[in-house]
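Below, each chain spelled out in residue letters.
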Amino acid sequence: GCGLVSLGRWGPVVGGMFVNQLKNCWPYLRDFARGKPSDFDRSVEVLAERIVGAAKAGDADEILLVGHSAGAMLALTTIGRALERDPDLGIRRPNVAVITVGSITPLFAMHPAATRLRHTIKVIATEPSVQWADCQAREDFMNFSGFDPGAGVGMEPGEPRGTPVRGTIPVASSLWGGLLRTIES
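What you are looking at is a predicted structure, and each value in this text was computed from that prediction instead of being measured.

*Asks:* So what about the nonpolar core? Which residues, and what values?
*Replies:* Within the largest apolar cluster, 32 residues are counted, with the highest numbers of intra-cluster contacts made by Ile79 and Leu117. For this core, the secondary structure elements donating two or more residues are helix H2 (19-33), helix H3 (40-57), strand S1 (62-68), helix H4 (70-85), strand S2 (95-101), helix H5 (105-109), helix H6 (115-126) and strand S3 (130-136). Those residues in contact with Ile79, other than ones at most four positions away along the chain, are Ile51, Leu65, Val96, Val98, Ile124 and Val130.

*Asks:* Please set out the pairing of S2 residue by residue, giving values where relevant.
*Replies:* Direction of pairing for S1 relative to S2: parallel, over a ladder of 7 bridges. Each bridged residue has a counterpart across the sheet, and for Gly67 the counterpart in S2 is Thr100. Once the chain exits S1 it traverses H4 before rejoining the sheet at S2, and the crossover so formed is right-handed. Of the strand pairs in this sheet, S2 and S3 are connected by 6 bridges, and their pairing is parallel. Following the sheet pairing, Val101 is matched in S3 by Cys135.

*Asks:* Go over the confidence of the model for the protein, please, and point to the residues and values.
*Replies:* Here the protein averages 78 in pLDDT, and 69% of its residues register 70 or above. For the protein, helix H1 (residues 2-16) is the element with the lowest average pLDDT, namely 47, and H3 is the one with the highest, namely 94. Note on residues 1-7: pLDDT under 50 across the span, and 0 contacts to partners over four residues away in sequence or across chains.

Rules and cut-offs
- Residues numbered from 1 in each chain as written.
- Predicted model: local features only at pLDDT ≥ 70, side-chain atom pairs only at ≥ 80, totals over all residues.
- Heavy atoms only, no water.
- Core = buried A, V, L, I, M, F, W, Y, C linked by side-chain atoms within 4.5 Å.
- Buried < 20%, exposed > 50% of the residue type's maximum accessible area, 1.4 Å probe, protein only.
- Helix = DSSP H or I, 4+ residues; strand = E, 2+ residues; numbered from the N terminus.
- Contact = heavy atoms within 4.5 Å.
- Pairing = 2+ DSSP bridges.
- Right-handed = clockwise from strand over helix to strand, strands pointing away.
- pLDDT = per-residue confidence, 0-100.

Next up, the structure:
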C-alpha cells in the first residue's frame, strides 16, 4: 500500500520526467548495449550508412549527431558504426561531431556484458577526427553529472584521447527549470 500511495502522489512528477518511458524501453536498450540483436540495430545501421554517404558526398561543412538521454547511447553507437564502415570519416571534410545531452549511457556501459559499447566509447574518445561533447546537468539525477565517460569505461588516465569535452548545463535556466522548481518546492 505505501509504495502505491507514494507513486500515486508523485505520478505527475514521475510522468513529467519520462521515467515510465525509460522503464518501458529499458529491456531493449539493455540488450542493445550488451550486443544482443535488437530493434535498434536496423536504425543505427541505416543512419551510419547515411552519415558515411553524406560525408563522401562532401556537400556539408559538418555532420552533427545529437543524442539525448537513452538516445546518447544510440548516437555514439551510430558514429562508431559509421567509423567501422569508413575509418577515414572525419579526416577529410566534412567535420564529424556528436553531442550527448543528459546521457544515461553509463547505466548500460558499466555492465560487464557491454563490451562492444565500451569499445565504441573508447574508439570515439580516442578518434581525433570526431569531436564529442558530453553535456551534463547536476540537477538531472539520471545523467551521471561529473562522470567522465572515458574513465568510466576503463580508459586509463594517461591514455591519449581528445574527447569527450564535458560541460555542465544549468537546468534551472532551461525549459525544465519550471519542473525542477516544482519538484523542489
